[in-house]
Amino acid sequence: MRSQEVNNKLTQAAELIKDSKHTTAFTGAGISVESGIPPFRGENGLWSKFDPIFLDLGYFFKHPDESWQLIKKIFYDSFAQAEPNAAHYALAQLEQRGLLQAIITQNIDNLHQRAGSKNVIEYHGTTQTLTCTHCGRRYQASTKFLNDLPPKCESCSGLLKPDFVFFGEAIPELAQSRSLQEAEIADVFILIGTTGEVQPASMIPIIAKKNHAKIIEINVEKSNYTDSITDIFLNGKATEIMRNLLAIYLTN
Ligand code: NAD
Ligand code: ZN
């Protein structure tokens, strides 16, 4: 049984979203945890098992073999097993019903798109394509490339790099400008499963708040945002809260 307080907060959040002209979701690793993808930080996070140096741009160029072995294992072999969960599907449903206008995701797992969301801004890029670090030619990340590491460009034999953002790399320009635009125009931002510790992504909800967006936050624990910018904190698992939120629209 949900407590009255939780029910009230859910209803308030549902009303804010219903009355909003433009609502944007901002998602982090937490939304994909229940799909079986671990976050980076925390007790069972990836960084407790692997040294993040392999995602440093300089290290990648110096040790492409070693970096690519880990990249394949973590971002291709294990991500490929994951399926979208109820939280990803609920966001896609909200978009279809005209209640959500965009998702800005820090994730690179493609699960929002696989759940059917259309307007997805991939702030940290994607695992789905690879780009030649020499001539810039772009390829789909198919097994043809991933079975022969490190993958090489078919035109110039240059080293291929996945199109997600490494440490020491800039945010893709279009993703940055589109995210800033969302932060300017949104009436409501829904933060799901993000600590607010990753720069510069963490600034986007803060900018939205400065531009008078109401902030709804869903997380299993408090984040950097909870006591600073959050208006309604829905404490719980992303799948559970999003299912309950969607149910309010389905029953009304
Ligand atoms: P993060 O900022 O993405 O934090 C994860 C957050 O999720 C934490 O606040 C945690 O309390 C919360 N959380 C955990 N389980 C949850 C659940 N079931 N429901 C709701 N919230 C839950 O931090 P990070 O993991 O250090 O990630 C750093 C960066 O790397 C981010 O940009 C992140 O998106 C990216 N990353 C992406 C993936 C992916 O593509 N799936 C996986 C790991 C990290
Ligand atoms: Zn090339």
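Parameters at a glance
Residues numbered from 1 in each chain as written. Chains lettered and ligands numbered in written order. Predicted model: local features only at pLDDT ≥ 70, side-chain atom pairs only at ≥ 80, totals over all residues. Heavy atoms only, no water. Donors = N, O, S within 2.8 Å, 3.2 Å for Na, K, Ca; no water. Tetrahedral: all angles 85-135°; square planar, octahedral: opposite > 155°, others 65-115°. Pairing = 2+ DSSP bridges. Helix = DSSP H or I, 4+ residues; strand = E, 2+ residues; numbered from the N terminus. Axes fitted to C-alpha atoms, helices over the stretch in contact; angles between N-to-C directions. Near = heavy atom within 4 Å. Polar contact = N/O pair within 3.5 Å; in protein donor to acceptor, adjacent residues only side chain to side chain. Areas by Shrake-Rupley, 256 points an atom, 1.4 Å probe, with all protein chains shown as cover. 1 Å grid on protein atoms, 1.4 Å probe; cavity = no way out; pocket = protein on both sides within 12 Å on 5 of 7 lines; lining within 4 Å. Sits in = over half its atoms within 2 Å of the grid points. Nonpolar A, V, L, I, M, F, W, Y, C, P; charged D, E, K, R; others polar. Domains from an automatic or database assignment.

(A) Structural context of the coordination of the zinc ion (ligand 2). Only Cys 132 (SG), Cys 135 (SG), Cys 153 (SG) and Cys 156 (SG) from the protein coordinate the zinc ion (ligand 2), and they sit 2.3 Å from it. Because the angles between the four donor atoms bound to the zinc ion (ligand 2) fall within 98 to 117 degrees, the donor set is best described as tetrahedral. Counting along the primary sequence, the residues that act as donors to the zinc ion (ligand 2) give the motif C-x2-C-x17-C-x2-C.

(B) Here's a closer look at the sheet that holds strand β5 (residues 138-140). Within the open sheet, the three strands sit side by side as β5-β4-β6. Their pairing is antiparallel. What marks the edges here is a single partner per strand, and that holds for β5 and β6 (160-164). Strand-to-strand twist in this sheet, taken as the mean axis angle between neighbours without regard to direction, amounts to 40 degrees. Direction of pairing for strand β4 (residues 125-132) relative to β6: antiparallel, over a ladder of four bridges.

(C) Layout of the site of ligand 1. In the neighbourhood of ligand 1, 27 residues make up the surrounding shell, with Arg 41, Asn 107, Asp 109, Thr 195 and Asn 219 lying closest. In this structure, Glu 34 approaches ligand 1 through a side-chain N or O atom, which is 3.0 Å from a nitrogen atom. A distance of 2.7 Å separates a nitrogen atom of ligand 1 from a polar atom in the side chain of Asp 109. Contact with the protein chains removes 93% of the 840 Å² of surface that ligand 1 exposes when unbound. Using a 2 Å cut-off from the grid points, one finds that ligand 1 occupies the largest pocket. For the shell around ligand 1, the class distribution of residues is 11 nonpolar, 11 polar and five charged. Each of domain 1 (1-37 + 83-124 + 171-252) and domain 2 (39-81 + 127-164) accounts for three or more of the residues forming the shell around ligand 1.

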